[in-house]
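Reading the structure
Chain by chain, the residues:
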Amino acid sequence: MEFTIESKIISALKLFAGQKDVRPTLNGLNLEIHSDKVILVATSGHMLGCYRYEYTQDITEPIKNVIIPNDLLKHVKTEGNVTLIISDEVNNLYERSVTVIYNGLSITGKSIDMMYPDYRRVIPNSTSNEISHFNADYLATIGKAYKILNDTKYALARIEHNGDNGALFNLGNDNFIGVIMPVRTDKMGDKLTRPSWLD
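Along the backbone of the protein chain there are 3 helices and 11 strands. For the protein chain, the N- to C-terminal ordering of α and β elements is β-α-β-β-β-β-α-β-β-β-α-β-β-β. Its C-alpha atoms give the protein chain principal-axis dimensions of about 70 × 35 × 30 Å. Buried positions account for 44% of the 199 residues belonging to the protein chain. The long-range share in the protein chain, meaning contacts at least 24 apart out of those at least 6 apart in sequence, stands at 63%.

Here is the structure:
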C-alpha cells in the first residue's frame, strides 16, 4: 500500500505523540486504513490528534494497528508531501515494513508490533461545557499544531470544555478532531478574584 499526504498533516500530528513514553504504542503515529480513507492518530495520553485523509484503497476490511515509530518520521517537516509505503506482509502480530519518503530521503523500518489503544473510547460524542483547566504547555502545543496545519502565524483553536473529562478541540479543519485532558483543580486554590492589593 502506498499513499502520499501533505507533510504538514504528519508534522502537526507528531506533536501529539508520546516521546520516549514507557508505553511503546504511544511513541508513534497510528494508521487505520479503510477503503475510502486513512485515519491518522497520535496521542501522548494527555492529548490526542486525529485526522481523516480521504484516499481510495482496494481493500475489503480495514487495516489497523500500523504504528509508525517517531524515529521514522523525525525527518518530515512542514513543507511538501510525504509518501508512506506500507507492506502487505505482516510479521508476528502487527509488524509491517514501512518506508517513509520525504524531500528525496527514503527511510525504511518496522511498525510497532503492538495493538494501538482504543482511541475512539476517549473521544466524547458531546461535551458538557462545564469549565475545565488545562496544562498551559499542552495549549501551546495545540497552538503550534494549528499554525502548521493552517500555514499561519496565528494560533486559534476551538476548545469545547467538558469538566473533568476529555475536552474536544478543533484546528479549523473538518478533517481533524482532538482531545485534551483537563488537570485537577483541587490544589489550585479558590476561585480567582481581583486581589485586594489593587484597592
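From this point on, the discussion continues.
Turning to the sheet that holds strand E9 (residues 158-160), a few remarks are in order. Taken in spatial order, the 7 strands of this open sheet run E5-E2-E3-E4-E11-E10-E9, and their pairing is antiparallel. Whereas interior strands pair on both sides, the edge strands pair on one side only; in this sheet they are strand E5 (63-69) and E9. Between one strand axis and the next, the sheet turns through 20° on average, direction left out of account. Here helix H1 (residues 7-14) sits on the sheet in contact with strand E2 (28-33), strand E3 (37-43), strand E4 (47-54) and strand E11 (176-180), set at roughly 160° to E4.

Let's shift gears to the packing of aromatic side chains. Counted according to the given criterion, the structure contains 6 aromatic pairs. Seen from their ring centres, Phe16 and Phe176 are 6.1 Å apart, and the 35° between their planes marks the pair as tilted. Of this pair, Phe16 sits in the loop between H1 and E2 while Phe176 sits in strand E11, placing them 160 residues apart in sequence. Accessibility assignment for this pair places Phe16 and Phe176 in one class, buried. Summarising the aromatic geometry, the rings of Tyr53 and Tyr55 are spaced 6.0 Å apart at their centres and angled 20° between planes, so their arrangement reads as stacked. On the accessibility criterion, Tyr53 (18% relative accessible area) is buried. Within the aromatic cluster, the residues linked to one another by ring pairs are Phe3, Tyr53 and Tyr55.

Next up on the list: the nonpolar core. The biggest cluster of nonpolar side chains holds 41 residues, and the ones touching the most others in it are Leu31, Leu40 and Val100. For this core, the element with the most residues is helix H3 (residues 136-150), which contributes 5 residues. Residues contacting Val100, with those up to four places away along its chain left out, are Ile68, Leu72, Leu73, His75, Val76, Val82, Thr83, Leu84, Leu105, Ser106 and Ile107. Within the second largest apolar cluster, 11 residues are counted, among which are Val41, Cys50, Ile67 and Ile123.

In this section: the side chain of Asn30. Positionally, Asn30 belongs in strand E2. Taking relative accessible area as the criterion, Asn30 reaches 2% and is therefore assigned buried. A polar contact of 3.5 Å, which involves the side chain of Asn30, links it to the backbone nitrogen of Val66. Those residues in contact with Asn30 that sit more than four places away from it in its chain are Ile39, Leu40, Val41, Asn65, Val66, Ile67 and Tyr116.

Here E2 lies mainly inside the structure; 6 of its 6 residues are buried. Here 5 bridges tie E2 to E5, and the two strands are oriented antiparallel to one another. Residue Leu29 lies in a different strand from E5, and its bridge partner there is Ile68. As paired strands, E2 and E3 are joined by 4 bridges and run antiparallel to one another. Along E3, the bridge assignment pairs Ile33 with Val38.

The rules behind each value
- Residues numbered from 1 in each chain as written.
- Predicted model: local features only at pLDDT ≥ 70, side-chain atom pairs only at ≥ 80, totals over all residues.
- Heavy atoms only, no water.
- Helix = DSSP H or I, 4+ residues; strand = E, 2+ residues; numbered from the N terminus.
- Buried < 20%, exposed > 50% of the residue type's maximum accessible area, 1.4 Å probe, protein only.
- Contact = heavy atoms within 4.5 Å.
- Pairing = 2+ DSSP bridges.
- Axes fitted to C-alpha atoms, helices over the stretch in contact; angles between N-to-C directions.
- Phe/Tyr/Trp six-rings, centres within 6.5 Å; stacked < 30°, edge-to-face > 60°.
- Core = buried A, V, L, I, M, F, W, Y, C linked by side-chain atoms within 4.5 Å.
- Polar contact = N/O pair within 3.5 Å; in protein donor to acceptor, adjacent residues only side chain to side chain.

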